[in-house]
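Given next are the chains, with one letter for each unit.
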Amino acid sequence: MTINISALLESRTACEKEDAADPLRNWRAAFHLPQGLIYLDGNSLGPMPKKALEQLDQAVRHEWAEELITSWIKAGWWELPETLGELIAPVVGAASGQVIVSDSTSLNLFKTVHAALGLRPERTVIVSEADSFPTDLYIQEGVSTTRKNIQRRLLGLDGNSLEELLDDHVAVVSFSHVNYRTGELFPIEELVKKTHEAGALFVLDTCHSAGVLPVELDQWGVDFAVGCTYKYLNGGPGSPAFLYVAKRHQQAAVNPLSGWWGHARPFAFEKDFQAAEGIRRFLTGSQPVLSLRGLQAGLEIAQAADPQQVRKKSQRLTQLFIELVENRCGEFDVSLQSPTDPEKRGSQVAFLCLNGFSVIQALIARNIIADFRAPGIMRFGFAPLYLRYTDVWDAAEALADVLKTEEWREERFQQKHEVT
Ligand SMILES: Cc1ncc(COP(=O)(O)O)c(C=O)c1O
């Protein structure tokens, strides 16, 4: 697939015209965006929806301060994991009763990979991608310690295609929808089909796709899925993650972290565990209510925005950035790491650059926020609901200027921090 953005490459004025005609342009007003900031890091932490401030204010000043413990019922705190799960469900193509919000992505990966493995007790292999986000790999290692003789095969290390790695020993295939570094988008429907043909189950990590790409968990036949809510769902720093368990597995799937929130009768305080019916059995313990209350506004936006328009604009924004940077920065040490085909690309663009860390620091000093992933990847995220074509133009100009003037060499841009 090719996207023709040649008119936009001509001038900033052409980008201004495109912004004026953009069908998604009104969503920008739903977010708090600091004056003069170009935010290309929504793939890491989304900006705050204005309504989140109202909802958090209500949760703190009224529900917590005034109503105290009665808010578990009056304000619906107890049901929040399900209520919010129902808001996420249509965003990831899931029918009702299959998504619940709780804990972190890492914990939800543990629960789902373990549960999937438990549904294939006679099989011993987990297949994943060598370049997965590290937590996915670490969690698989952790899950592997809970059963004897579990082995792992990694795409890119033990084989170059899923077919090569599949056989009748494979219990689970666990993949991300979009690679966190390069932005490569995997053809999930096709991979699920191959996985099922081999008799295994598929666990999908949607951290880099939920809220920005079409996700069709039911239609693709995904068995289990997880995702975070602080990126493109704009739920706030450390906001709780979600998990999906296809209806057909809910009765047999076992949550290895069986806590009282997942009990059939939590307030009977029985000695033995009996799992709740449906998706609620995948809860463990008390949930961070204030964080849950900060999440609703972002989910309402994600649910209301047209996913096809979001995808189309995402592809145009990333294409524009790639072409502008390649035109302006060709003479410098930057090389594209993201797929050139927009159909194979998520909503972020990665450029490899030896001095990428310092270049990103110099951009941040100019109020253009992107991030850096070792060893040399400059990552730029493009969230279509609040970014403009002119932002893309300005960011590419600034990047070219930082490289041309060698501003990145300044001492203040060399200092490393814990978070990059
Ligand atoms: C693909 C992927 N999975 C998981 C995580 C993080 O998981 P957690 O929410 O447990 O920190 C990230 C974070 O960026 C990610 O990109």
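As the structure is a prediction and not an experimental result, all values here were calculated from the model. (Residues numbered from 1 in each chain as written. Predicted model: local features only at pLDDT ≥ 70, side-chain atom pairs only at ≥ 80, totals over all residues.)

### Examining the sheet that holds strand E15 (residues 377–381)
For step 1, the next point in the chain: Spatial ordering of the open sheet is given by E11-E12-E15-E14, a layout of 4 strands whose pairing is antiparallel. In this open sheet, the two strands that pair with only one neighbour each are strand E11 (335–336) and strand E14 (371–373).
For step 2, the next point in the chain: Two strands pair when backbone bridges link them, and E11 and strand E12 (residues 348–352) are joined in this way by 2 bridges, in the antiparallel orientation. Counted as the bridge partner of Leu-336 is Phe-351 from E12.
For step 3, the next point in the chain: Lying on the sheet, helix H13 (residues 307–329) is in contact with E11, E12 and E15; it crosses E12 at an angle near 25 degrees. (Pairing = 2+ DSSP bridges. Helix = DSSP H or I, 4+ residues; strand = E, 2+ residues; numbered from the N terminus. Contact = placed C-beta atoms within 7 Å. Axes fitted to C-alpha atoms, helices over the stretch in contact; angles between N-to-C directions.)

### Brief notes about the site of the ligand
For step 1, the next point in the chain: Near the ligand, the surroundings consist of 13 residues, among which Ser-104, Thr-105, Ser-106, Phe-133 and Cys-207 are the closest.
For step 2, the next point in the chain: Counting only elements with at least two residues in the shell around the ligand, the list comes to helix H6 (105–118) and helix H7 (134–144).
For step 3, the next point in the chain: Across the shell around the ligand, the residue classes break down as 5 nonpolar, 6 polar and 2 charged. (Near = placed C-beta within 6 Å. Nonpolar A, V, L, I, M, F, W, Y, C, P; charged D, E, K, R; others polar.)

### What to know about the packing of helix H5 (residues 80–88) against helix H12 (residues 289–304)
For step 1, the next point in the chain: With their axes 9 Å apart at the nearest point, H5 and H12 run at an angle of 20 degrees to one another. Judged by the inter-axis angle, H5 sits roughly parallel to H12. Seen along the crossing, H5 lies across H12 with a hand that is left-handed. When H5 is examined against H12, the residues Leu-80, Leu-84, Leu-87 and Ile-88 are found in contact with a partner set consisting of Val-289, Leu-292, Leu-295, Gln-296, Leu-299, Glu-300 and Gln-303. (Parallel < 35°, antiparallel > 145°, perpendicular 65-115°, else oblique. Left-handed = near helix turned anticlockwise from the far one by under 90°.)

### Comments concerning unusual backbone geometry
For step 1, the next point in the chain: Cis geometry is adopted by the peptide bond preceding Pro-375, which originates at Ala-374 and carries an omega value of 5 degrees.
For step 2, the next point in the chain: With respect to the element layout, Pro-375 can be found in the loop between E14 and E15.
For step 3, the next point in the chain: Of note, Glu-406 is a non-glycine position whose phi angle comes to about 55 degrees, a positive value.
For step 4, the next point in the chain: You can see Glu-406 is positioned in the segment after helix H15 (389–405).
For step 5, the next point in the chain: Given 13 C-beta atoms within a 10 Å radius, Glu-406 is considered partly exposed. (Buried ≥ 20, exposed ≤ 12 C-beta atoms within 10 Å, placed from the backbone.)

### Quick word on the pairing of strand E7 (residues 170–176)
For step 1, the next point in the chain: Most of E7 sits inside the fold, with 7 of its 7 residues counted as buried.
For step 2, the next point in the chain: Bridging between strand E5 (residues 125–129) and E7 involves 4 bridges; their strand directions are parallel. When the bridges of E7 are listed, Val-127 appears paired with Val-173.

### Details of H6
For step 1, the next point in the chain: In a regular helix each residue adds 1.5 Å, so 14 residues correspond to 20 Å; H6 covers 19 Å between its end C-alpha atoms and thus fits that length.
For step 2, the next point in the chain: Counting buried positions over the 14 residues of H6 gives 11, a clear majority of the element.
For step 3, the next point in the chain: Taken residue by residue, H6 has Thr-105, Asn-108, Leu-109, Phe-110, Lys-111, Thr-112, Val-113, His-114, Ala-115, Ala-116 and Leu-117 as its buried positions.
For step 4, the next point in the chain: Elements that come into contact with the buried residues of H6 comprise E5, H7, E7, strand E8 (201–205), strand E9 (224–227) and strand E10 (242–245). (Expected span 1.5 Å × (residues − 1).)

### Some words on the pairing of E5
For step 1, the next point in the chain: Extensive coverage of E5 is indicated by the burial of 5 of its 5 residues.
For step 2, the next point in the chain: Across the two faces of E5 the burial is the same, with Val-125, Val-127 and Glu-129 and Ile-126 and Ser-128 all buried.
For step 3, the next point in the chain: Examined bridge by bridge, E5 and strand E6 (residues 151–155) share 5 bridges and lie parallel to one another. Counted as the bridge partner of Val-127 is Arg-153 from E6.
For step 4, the next point in the chain: In terms of handedness, the path from E5 via H7 over to E6 forms a crossover that is right-handed. (Right-handed = clockwise from strand over helix to strand, strands pointing away.)

Spatial relationships are all this shows, so hold off on functional conclusions.
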